[in-house]
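Chain and residue survey
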Number of protein chains: 2
Amino acid sequence: MAIKVHGNVMSTATQRVLACLNEKGLGYEFVSIDMRAGEHKKEPFTTINPFGQVPGLEDEDLKLFESRAINKYIAYAYADNGTPLVFKEPKKMAIVGVGLEVEAHHFDGPASKLAWELVVKPMKGIAIDDAIVKEHEAQLAKVLDLYEIRLTECKYLSGDTFTLTDLHHLPAVTYLMATPAKALFDTRPHVSAWVADIMARPAWQKVVAMKNNN
Amino acid sequence: MAIKVHGNVMSTATQRVLACLNEKGLGYEFVSIDMRAGEHKKEPFTTINPFGQVPGLEDEDLKLFESRAINKYIAYAYADNGTPLVFKEPKKMAIVGVGLEVEAHHFDGPASKLAWELVVKPMKGIAIDDAIVKEHEAQLAKVLDLYEIRLTECKYLSGDTFTLTDLHHLPAVTYLMATPAKALFDTRPHVSAWVADIMARPAWQKVVAMKNNN
């Protein structure tokens with residue numbers, strides 16, 4: 001198989017790449033990185049990503065890291081496979097580009113911090129810090145207020161079709177939907193419908209199954 | 001003029017977009033946003049960016065925000081103008097894509113926090129927090145260690161030609177070169193040569209002049 005993903009199925013960044021490959025209907029070999037054993041901080045993984053973070057991708061001679069960069073590569077290099085996730089026309093692509101940056105710079109910060117407090121800490125038996133939860137719920141609420149307005153204008157965040165922008169939200173959204181932070185999504189009707197729609201995608205459900213069978 | 005930039009010349013994100021337009025040799029109208037008066041948090045600016053952050057870009061009917069998304073748009077939409085900053089070939093573009101994500105997710109965090117402590121706080125007459133400086137200098141040093149290795153392999157961060165990856169570093173690098181954090185760059189010979197090279201670009205010097213004349 002040409003494509004190899006080196007990662008961990010519990011990692012949101014790894015899940016993001018798997019979702020993209022599934023949407024594209026591309027086969028891949030999954031190389032599980034044992035993060036508890038620190039494999040991501042050692043060779044051979046650091047020959048793919050010197051920053052020591054999962055995932056890494058190999059496609060023949062090409063080695064890539066950073067999940068969002070990997071997904072943009074997959075979306076363009078395999079434009080004609082499976083679900084179209086980006087556009088070639090510059091103005092349409094620019095709208096996706098803005099959505100991708102908003103996910104990375106506005107949504108991901110508070111969402112990941114909440115997932116850490118509400119999902120990872122309980123799993124590790126560490127006490128949740130209520131002040132941190134409150135602070136990041138307030139930050140996420142502001143982002144979701146703007147998403148609620150956006151989703152009255154179009155069905156998905158970057159237009160009327162599902163794109164890489166929506167896909168990049170799936171891992172953190174799915175973790176948060178199993179926590180009290182679910183209310184932030186449920187109380188905003190357009191956001192709530194969008195979450196239900198994107199989470200139901202077969203490509204994503206395959207990732208969820210892989211995570212649950214872990 | 002078709003392109004309008006709404007921003008503030010002191011803002012690194014605004015400078016990033018101006019540098020890109022200059023590299024492309026594109027004319028633009030600059031609409032100065034008075035951030036001390038809070039213009040970025042009010043209409044009409046928020047009709048371009050509902051998140052209330054500079055810069056915003058208008059290109060005919062297209063309205064964009066997030067400096068890195070704006071620059072990707074400019075680089076692709078005006079691919080045939082001025083300096084080529086991206087590639088059409090997916091594997092070559094993927095290398096730029098990784099470099100762009102590394103800037104955004106590894107370099108920018110500590111670099112921006114250091115610029116805040118060492119440039120903005122002294123300007124505002126606020127005391128510098130030495131512990132924060134130390135913490136982020138250590139983080140930035142780790143990134144620059146990897147850049148030093150990378151720059152022994154190729155002249156620029158994403159290959160042997162100047163790309164959007166290098167350009168995105170310019171605003172924060174330039175601010176830090178006027179602070180004690182300059183030593184972090186100067187003590188790494190390949191990083192130091194790269195900084196001198198990219199800072200000397202006429203397109204960037206035009207932005208520096210605009211900032212100095214502000």
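Residues numbered from 1 in each chain as written. Chains lettered and ligands numbered in written order. Predicted model: local features only at pLDDT ≥ 70, side-chain atom pairs only at ≥ 80, totals over all residues. Heavy atoms only, no water.

**Notes on the overall build of chain A**
- Along chain A, the regular secondary structure elements total nine helices and four strands.
- Element order for chain A, N to C, with α for helix and β for strand: β-α-β-α-β-β-α-α-α-α-α-α-α.
- By the compact-globule yardstick of 17 Å for 214 residues, chain A fits well, its C-alpha radius of gyration being 17 Å.
- Based on the C-alpha atoms only, the size of chain A along its principal axes is roughly 45 × 45 × 30 Å.
- Across chain A, every contact between residues at least 6 apart in sequence was considered, and the portion connecting residues at least 24 apart equals 64%.
- A total of about 9,400 Å² of accessible surface is found on chain A, and carbon and sulfur atoms cover 55% of it.
- One finds the centroid of the 24 positive side-chain charges in chain A at a distance of 1 Å from the centroid of its 27 negative side-chain charges. (Helix = DSSP H or I, 4+ residues; strand = E, 2+ residues; numbered from the N terminus. Rg over C-alpha atoms; globule rule 2.2 N^0.38 Å. Contact = heavy atoms within 4.5 Å. Areas by Shrake-Rupley, 256 points an atom, 1.4 Å probe, with all protein chains shown as cover. Lys, Arg positive; Asp, Glu negative; His and termini not counted. Charge placed at Lys NZ, Arg CZ, Asp CG, Glu CD.)

**A word on the domain arrangement of chain A**
Residues and elements named next belong to chain A.
- Domain boundaries in chain A define domain 1 (4-84) and domain 2 (90-205).
- Of note, the centres of domain 1 and domain 2, computed from C-alpha atoms alone, are 21 Å apart.
- Counting residues at the interface gives 15 residues for domain 1, matched by 15 residues for domain 2.
- For the pair domain 1 and domain 2, the summed buried surface comes to about 1,400 Å²; carbon and sulfur atoms form 61% of the total.
- Contact with domain 2 buries surface across domain 1, with Arg16, Glu23 and Arg68 losing the most and accounting together for 36% of the total.
- The interface formed by domain 1 and domain 2 includes five salt bridges.
- Between Arg68 and Glu103 there is a salt bridge; the shortest N-O distance is 2.8 Å. (Domains from an automatic or database assignment. Buried area = accessible area lost by both parts, 1.4 Å probe. Salt bridge = Lys/Arg side-chain N within 4 Å of Asp/Glu carboxyl O.)

**Some words on the pairing of strand E1 (residues 3-7) of chain B**
Residue and element names in this part refer to chain B.
- For E1, a buried count of four out of five residues is recorded, marking the element as mostly surrounded by other parts of the structure.
- Sheet topology note: the E1/strand E3 (residues 56-59) ladder contains four bridges and is antiparallel. Paired with His6 across the strands is Gly56, a residue of E3.
- Crossover connection from E1 via helix H1 (residues 12-23) to parallel strand E2 (residues 29-32): handedness right-handed. (Buried < 20%, exposed > 50% of the residue type's maximum accessible area, 1.4 Å probe, protein only. Pairing = 2+ DSSP bridges. Right-handed = clockwise from strand over helix to strand, strands pointing away.)

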